Amino acid sequence: MAKNNDSNKKESAVPAVQKPKKRFFNVEKRFGYTLHEIWRYKMSYGLIAPFFIVFIVFSLLPLIASTALSFTYWSILEDPVFTGLDNYQYLFVDDPLFLKAFSNTLYYAVIVGPCGYVASYFFAWLINQVPDKFRALYVLAFYAPSLTSGVAMAVVWGVMFSNDSTGYLNALLLKLGFIYEPIMWTQDVNLIMPVTIVVALWSSLGTGFLSFVAGFRGVDRELYDAAAVDGVTSRFQRLIHVEIPQTMPQLLFAAVLQITSAFTVGAISQQVVGHP
C-alpha cells in the first residue's frame, strides 16, 4: 500500500506536458510573424485604428489619387486621358503665374520658417526662467495668437495696417514725423509680403512652442547640478550643454511642424490683404 502511495506521488509530481498554443499565422515567415504580433496586441492596434482609418481615407488616398491624376487630362465629365509630364512641363515652363507664386511662397517660407522656429525656442527658454506661479500666464499670452481665427486676425491687423491716417501704424509714424502721408500697407505690392510675414511671425508660436515649453520642464534637475560641478555656471552655458541636448526630440518635432506650416501663406494673405 505504501508503495502504491509513493508511486502515485511520483506520478503527480511529474508536470503535465502542455500542448503548444494554436497559432493562426506561420510565424516562421516575416509576414506571418508580423500578423501574429498584430493579433497578439490586437487591443492596442484597435485603439489606434480609428486614427489610421481616417488618415488613410481622407489624407493618404486623396494624395495618391491627386498624384495619379496629375499625369492625366481630366475634365471631370470625361474619363482621364494620360498625358505624361505635359502638365508639369506647362506648370514649370509656360505658366508665369505659378512661377511667381512659387517664388513668393519660397521667399515667405525661408523667412517665416527659421525665424518662427528660433523664436519659439527662444521664448520657451525665456519663459522657463520665469517663476512657476507666473509661467502659465506667459505661456498663454505667447500661445494665444496662434489660436486666433482668420476673421479676428483680419480685424486686429486690418486696423494696425490701415491704409489711411486712422491706422495705428500710420498715425504713429505721422505723429512722429517719419512720414507725411499715409502708407498703403496692404495695396503697395512691395509691402504686402513684409506685412504678411509680420502677421505670420506673430502667430507662429503654436504647437512647436508648447512642445519646447514641455521639453524644458522635463529636463532633469540633477543635470544642472552635474553641469555646475563641471564648471557650467551661466544660463547660456546651461542652454548649450544641458538644455539643447535634452530637448532634441522636441526640436525635431517642432522642425517638422514649422516646415509644413511655413508654406501655408495663402490663408494669412487672404485674411489680411484680401488676396493671395
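Before reading on, note that the structure itself is shown above.
Residues numbered from 1 in each chain as written. Predicted model: local features only at pLDDT ≥ 70, side-chain atom pairs only at ≥ 80, totals over all residues. Heavy atoms only, no water.

**Points about the overall build of the protein**
Counting its secondary structure elements, the protein contains 14 helices and 2 strands. Counting across all 276 residues of the protein, residues that qualify as buried make up 25%. Split by element, the accessible area of the protein, about 19900 Å² in all, is 68% carbon and sulfur. (Helix = DSSP H or I, 4+ residues; strand = E, 2+ residues; numbered from the N terminus. Buried < 20%, exposed > 50% of the residue type's maximum accessible area, 1.4 Å probe, protein only. Areas by Shrake-Rupley, 256 points an atom, 1.4 Å probe, with all protein chains shown as cover.)

**Quick look at the packing of helix α10 (residues 207-217) against helix α13 (residues 248-261)**
The interhelical angle for the contact between α10 and α13, taken along N-to-C directions, is 175°, at an axis separation of 9 Å. Of the possible angle classes, the one that applies to α10 and α13 is roughly antiparallel. Of the residues in α13, those touching α10 at Thr207, Gly208, Ser211, Phe212 and Gly215 are Gln250, Leu251, Phe253, Ala254 and Leu257. Considered class by class, the residues forming the contact of α10 with α13 number 5 nonpolar, 5 polar and no charged. (Axes fitted to C-alpha atoms, helices over the stretch in contact; angles between N-to-C directions. Parallel < 35°, antiparallel > 145°, perpendicular 65-115°, else oblique. Contact = heavy atoms within 4.5 Å. Nonpolar A, V, L, I, M, F, W, Y, C, P; charged D, E, K, R; others polar.)

**Re the pattern of salt bridges**
Using the criterion set out here, one finds 3 salt bridges in the structure. Its salt-bridge partner being Arg217, residue Asp132 comes within 3.7 Å of it at the nearest N-O pair. Highlighted residues: Asp132 in helix α6 (residues 132-143) and Arg217 in helix α10, separated in sequence by 85 residues. Among the charged side chains, a salt-bridge network with shared partners connects Asp132, Arg135 and Arg217. (Salt bridge = Lys/Arg side-chain N within 4 Å of Asp/Glu carboxyl O.)

**With respect to the nonpolar core**
Nonpolar side chains tend to gather and get buried jointly when the protein is soluble and globular. Within the largest apolar cluster, 18 residues are counted, with the highest numbers of intra-cluster contacts made by Tyr108, Met153, Val199, Ile268 and Val272. Among the secondary structure elements, those contributing two or more residues to this core are α5 (96-128), α7 (150-160), α9 (189-202) and α14 (265-273). In terms of residues, this core owes the most to one element, α9, which gives 6 residues. Not counting residues up to four positions away in its chain, the partners in contact with Tyr108 are Gly113, Met193, Thr196, Ile197, Ala200, Ala262, Thr264, Val265 and Ile268. Membership of the second largest hydrophobic core comes to 14 residues, among which are Trp125, Val139, Tyr143 and Leu205. (Core = buried A, V, L, I, M, F, W, Y, C linked by side-chain atoms within 4.5 Å.)

**Quick word on unusual backbone geometry**
One non-glycine residue, Ile76, lies in positive phi territory at about 70°. If you trace the backbone, Ile76 turns up in the loop between β1 (72-73) and β2 (81-82).

**Considerations on the packing of aromatic side chains**
On inspection of all chains with the given rule, the structure shows 15 aromatic pairs. Ring geometry for Phe142 against Phe209: centres 6.3 Å apart, planes inclined by 40°, an arrangement best described as tilted. Here the residue Phe142 occupies a position in helix α6, and Phe209 occupies one in helix α10, the gap between them amounting to 67 residues. Pairing Phe161 with Trp185 gives two aromatic rings, centres 5.7 Å apart and planes at 65°, and the pair type is edge-to-face. With Phe161 in the loop between α7 and α8 (168-176) and Trp185 in the loop between α8 and α9, this residue pair connects regions lying 24 residues apart in the sequence. Just as Phe161 is buried, Trp185 falls in that class too. Members of the aromatic cluster, each reached through a chain of ring pairs, are Phe122, Phe123, Trp125, Phe142 and Phe209. The aromatic ring of Trp39 is capped on one face by Lys42, whose charged end is 4.8 Å from the ring centroid. (Phe/Tyr/Trp six-rings, centres within 6.5 Å; stacked < 30°, edge-to-face > 60°. Lys NZ or Arg CZ within 6 Å of the ring centre and 35° of its normal.)

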